[in-house]
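# Secondary and tertiary structure notes
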Amino acid sequence: MRAAGVFLAVVAALALQTTLARYLVKGTVAIDLVLVAVVYVALTSGPATGLLTGAFAGLVQDALSSPLIGIGGLAKTTVGFLAGVIGTQFIVSQPLPRFVVFFAASALHAVIFMGLYMLLDLRNFGTPYAAVAAQSTANALVGVIAFQVVELLPGAVERRRAAKTRLRR
Amino acid sequence: MAILDIRQRSGYLFLGVVLGHILLISAQVNSKSGVPLLEVVTFGVFSELQRTLSGGVGGIRGVWGNYVGLRHVKAENDELKRQLAAAQITMQEQRALADQARNLQKLLELRNRVALTTTGAEIIGAAASPDFRTLTIDKGTRDGLRPDMAVIAPAGVVGRVVVPSPRSAKVQLLIDRNAAAGVIIERTRAQGVVVGGGDDRLQMQYVSEASDVAVGDLVVTSGIDTIYPKGLPVGRVESVEKNGPAFKRIVVKPAVDFTQIEEVLVVLTPTPAKEAAAGVSE
């Protein structure tokens, strides 16, 4: 059941990335929704689920867009594992720590992804510090908002039910 | 580092998965074959999902645009846009023909005068990863698409087909880091190569320091790359700087706004250079 949920989350992130991002994202600002989903799953489910989710999501993403399958998978596997370890060892339940984790995960992903491409002499990324910082910030904001929304939704439903019950009385 | 104790179950799993990835990457790097089968199959399956989602989004947008908004004005506007797009394509062809007429190599010009045969395609998806600049279109091998066919828009060059599946195809945009095209400055005929940088600008490389290039010059395809037909607009020179003793550093603003395009044309006619190369190989 959990695996199905993770699978659906990754597919939904991929679908949003490939379909809606074209209408929402302008210019050079780029959000990696799949990476956000991997870090989210890792923080909530631990390192094993995190790394498997990262491997699956990264490989699918590679197969869809990259000329070389595996680099994105390796980067997301590593990020998923480390985010899962951090999620189990530290209290990451407030927006600021979550922002830091998402930001660091995005930066680490960029370092591994671009580093491997440059190491294999397949692509030249120039000096992408500003782009990586912007993408990490955007990913972190989306990740924190996703956590807030997911956590607020069940409470909101219960509050509505309670309010209706009070009105009936 | 107790928190990174690799002897735990997840640690062994992590090592196994990482090792699997490294083997996967190594196998591909060593291979000189074409597109990996996994890429074609995955892309083919996922493009169907993209097509469905794009249809849903398109349907919602269509309902809003046609029935809630100004219905007749929208339809008229669409028709005028189609007519304008057709006129701009015709103008591009005329420009290419005029360039050829000015060229002294008349024998080659005669072969280049063949009108472009194109097929229209709708964009149904964007890249799955923000590090790659690609689009998915709703035409594939069933419509005659093949790898390395040029993709153009009314404003100019969009990119090339890289992975065609039966009912869709992946298009590598000219601004992708791995993309390149042979170009010339229309005013002075200075030759060079534009390469993508992964952002929304192009770099024109290998232009001699002695060449006459000015800000605002129109950059058009040269046709020597065997992918893009000659004379199609690529962009305008945005800045020119000295780059070492031999070459200029030229930044080109693409003619096409890649965030706004909805429909493209795929050039089905082989370029004269490609035909010549095919003839030589035969």
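Residues numbered from 1 in each chain as written. Chains lettered and ligands numbered in written order. Predicted model: local features only at pLDDT ≥ 70, side-chain atom pairs only at ≥ 80, totals over all residues. Heavy atoms only, no water.

## Topic: the side chain of Q172 of chain B
Residue and element names in this part refer to chain B. Turning to its location among the elements, Q172 is positioned in strand β5 (residues 169-173). Accessibility expressed as a relative area gives 8% for Q172, which makes it buried. Other than its neighbours up to four places away in sequence, Q172 contacts R133, T134, V158, G159, R160, V162, N178 and A179. (Helix = DSSP H or I, 4+ residues; strand = E, 2+ residues; numbered from the N terminus. Buried < 20%, exposed > 50% of the residue type's maximum accessible area, 1.4 Å probe, protein only. Contact = heavy atoms within 4.5 Å.)

## Structural notes on the environment of A210 of chain B
Among the secondary structure elements, A210 of chain B is positioned in the loop between β8 (202-205) and β9 (218-221). Placed 20 residues apart in sequence, A210 of chain B and A190 of chain B show a C-alpha to C-alpha distance of 9.7 Å.

## A short note on the packing of helix α2 (residues 33-45) of chain A against helix α4 (residues 71-89) of chain A
Residue and element names in this part refer to chain A. At a minimum axis separation of 7 Å, α2 and α4 run at an interaxial angle of 35°. At the point where α2 passes α4, the crossing takes the right-handed sense. Two secondary-structure elements touch here, α2 through V34, L35, V38, V39, A42 and L43 and α4 through K76, V79, G80, A83, G84 and G87. Of the residues belonging to the contact of α2 with α4, the class tally is eight nonpolar, three polar and one charged. (Axes fitted to C-alpha atoms, helices over the stretch in contact; angles between N-to-C directions. Left-handed = near helix turned anticlockwise from the far one by under 90°. Nonpolar A, V, L, I, M, F, W, Y, C, P; charged D, E, K, R; others polar.)

## Concerning helix α5 (residues 95-119) of chain A
Residues and elements named next belong to chain A. The end-to-end C-alpha separation of α5 is 35 Å, in line with the 36 Å expected for 25 residues at 1.5 Å each. Among the residues of α5, R98, V101, F102, A105, S106, H109, A110, I112, F113, M114, L116 and Y117 are the ones counted as buried. A positive phi of about 60° marks D121, the residue just after α5. (Expected span 1.5 Å × (residues − 1).)

## Brief notes about the nonpolar core
I137, V158, L174, V194, M204, V219 and I261 of chain B are the most contacted members of the largest nonpolar core, which has 44 residues in total. Counting residues in each nonpolar core, the second largest holds 21 residues, with A55 and I112 of chain A together with F14 and F132 of chain B among its members. (Core = buried A, V, L, I, M, F, W, Y, C linked by side-chain atoms within 4.5 Å.)

## Overview of the sheet that holds β9 of chain B
Residues and elements named next belong to chain B. Pairing is antiparallel in the closed barrel, where six strands are placed in the order β6-β7-β8-β11-β10-β9. Adjacent strand axes in the sheet meet at a mean angle of 40° when their direction is disregarded. Where strand β6 (residues 180-185) and β9 come together, three bridges link them in antiparallel fashion. Counterpart to I185 in the pairing with β9 is V219. (Pairing = 2+ DSSP bridges.)

## Focus on the interface of chain A and chain B
Each partner contributes residues to the interface: chain A has 51 residues there, and chain B has 49 residues. Approximately 4,300 Å² of surface area, both sides summed, lies buried where chain A meets chain B, with 68% of it carried by carbon and sulfur atoms. The interface formed by chain A and chain B holds zero salt bridges in total. Here chain A and chain B share three residue pairs in polar contact (both at pLDDT 80 or more) between them. Where the side of chain A that touches chain B is concerned, the elements lending two or more residues are α1 (2-24), α3 (47-65), α4 and α5 of chain A. The element that contributes the greatest number of residues to the side of chain A that touches chain B is α3 of chain A, accounting for 10 residues. Partitioning the side of chain A that touches chain B into residue classes produces 32 nonpolar, 15 polar and four charged. (Buried area = accessible area lost by both parts, 1.4 Å probe. Salt bridge = Lys/Arg side-chain N within 4 Å of Asp/Glu carboxyl O. Polar contact = N/O pair within 3.5 Å; in protein donor to acceptor, adjacent residues only side chain to side chain.)

## Thoughts on the pairing of β8 of chain B
A regular strand carries its side chains on alternate faces of the sheet. Residues and elements named next belong to chain B. Of the two faces of β8, the one holding L202 and M204 is buried and the one holding Q203 and Q205 is not buried anywhere. As paired strands, strand β7 (residues 191-196) and β8 are joined by four bridges and run antiparallel to one another. Bridge pairing in β8 links V194 to M204. From the end of β7 to the start of β8, which pair antiparallel, there are five residues, and G198 there has a positive phi angle of about 85°. Sheet topology places β8 next to strand β11 (residues 247-254); three bridges connect them, and they run antiparallel. Pairing of Q203 across the sheet is with V251, part of β11.

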